[in-house]
Amino acid sequence: MDSNDVSADLAHVLYTKDQIQDKIAEMAAAIDKDYEGRDILVVGVLKGAVMVMADLSRALHSHVTMDWMAVSSYGSGTTSSGVVRILKDLDTDLMGKHVLIVEDIIDSGLTLSWLKSNLESRGPASVEICTLLRKPEAAKVEIDVKYVGFDCPNEFVVGYGLDFAEKYRNLDFIGTLAPHVYN
Ligand SMILES: O=P(O)(O)OC[C@H]1O[C@H](OP(=O)(O)OP(=O)(O)O)[C@H](O)[C@@H]1O
Ligand code: HPA
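All values derive from a computational prediction rather than experimental measurement.

**Looking at the site of ligand 2**
Working step 1: Lining the immediate environment of ligand 2, one finds 8 residues, of which Ile105, Asp107, Phe156, Val157 and Leu162 sit closest.
Working step 2: Classifying every residue of the shell around ligand 2 by side-chain character gives 6 nonpolar, no polar and 2 charged.

Quick look at the structure:
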């Protein structure tokens, strides 16, 4: 490992590349079964959901269209501000569509709670949520989430789309950061 190797910044690996890929395949199979005969509009929430979107959408056999939203609820730190702003809206009219919101993580739940109501107000046939990670101990609001990959510990996690100060998104696994990175 060279001195610039990103893995030196990680304390623990929580989910390996293989565990993530197996879970994505499992979630895709459940989604295909539930949406049989219906087209799905998958909505990825930038930027964290890019990896999940790329892998999940390729694992689906259903007819899928894809769109993206960018919202912001975190400042530069590691706690949600609770104030959600739309940075990039959808290009798609949701009227009559089956919408599946795809996320990397539900932490406090504030972002998804706001986003789900926002999309529901646009006249879709249905809105469901698929998230790779959820932190049950961090929940500040209750949200109905149909597809959850892993319930994870209440620690700040990075990798597979998840960042700390925009870094670590490119890791193909998910882990926690070593203390020297914060200090
Ligand atoms: O449940 P919550 O506490 O609201 O946190 C979850 C949100 O935080 C992350 O996004 P972030 O705002 O960090 O932006 P990013 O996807 O660009 O990293 C994540 O992708 C969710 O959208
Ligand atoms: O644990 C986390 N890691 C990275 N981004 C996040 N956004 C909410 N929670 C997290």
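**Concerning the nonpolar core**
Working step 1: In this structure, Leu56, Leu100, Ile101, Val102 and Cys130 are the most contacted members of the largest nonpolar core, which totals 42 residues.
Working step 2: The leading source of residues in this core is strand β5 (residues 98-106), at 6 residues.
Working step 3: Setting aside residues no more than four positions away along its own chain, Cys130 makes contact with Met27, Ile31, Leu56, Leu100, Ile101, Val102, Lys146 and Tyr147.

**Brief notes about the pairing of strand β9 (residues 174-177)**
Working step 1: Relative to β9, strand β1 (residues 10-15) is paired through 4 bridges, and the arrangement is antiparallel. Among the inter-strand pairings, Tyr15 is bridged to a residue of β9, identified as Ile174.
Working step 2: The pairing of strand β8 (residues 157-158) with β9 spans 2 bridges and is antiparallel. Looking at β9, one finds that Val157 is bridged to Thr176.

**Here's the deal with helix α1 (residues 17-34)**
Working step 1: An ideal rise of 1.5 Å per residue puts 26 Å on 18 residues; α1 measures up with 26 Å between its terminal C-alpha atoms.
Working step 2: Turning to α1, its buried residues are Ile20, Ile24, Met27, Ala28 and Ile31. One side of α1 holds all its buried residues, which, seen down the axis, span an arc of 105°. Away from its buried face by more than 90 degrees, α1 exposes Asp18 and Lys33.
Working step 3: Contacts made by the buried residues of α1 are with β1, α2 (50-59), β5, β6 (126-134), β7 (147-151) and β9.

Reading the values: the criteria
Residues numbered from 1 in each chain as written. Chains lettered and ligands numbered in written order. Predicted model: local features only at pLDDT ≥ 70, side-chain atom pairs only at ≥ 80, totals over all residues. Near = placed C-beta within 6 Å. Nonpolar A, V, L, I, M, F, W, Y, C, P; charged D, E, K, R; others polar. Core = buried A, V, L, I, M, F, W, Y, C linked by C-beta atoms within 7 Å. Buried ≥ 20, exposed ≤ 12 C-beta atoms within 10 Å, placed from the backbone. Helix = DSSP H or I, 4+ residues; strand = E, 2+ residues; numbered from the N terminus. Contact = placed C-beta atoms within 7 Å. Pairing = 2+ DSSP bridges. Expected span 1.5 Å × (residues − 1). Arc of directions from axis to C-beta.

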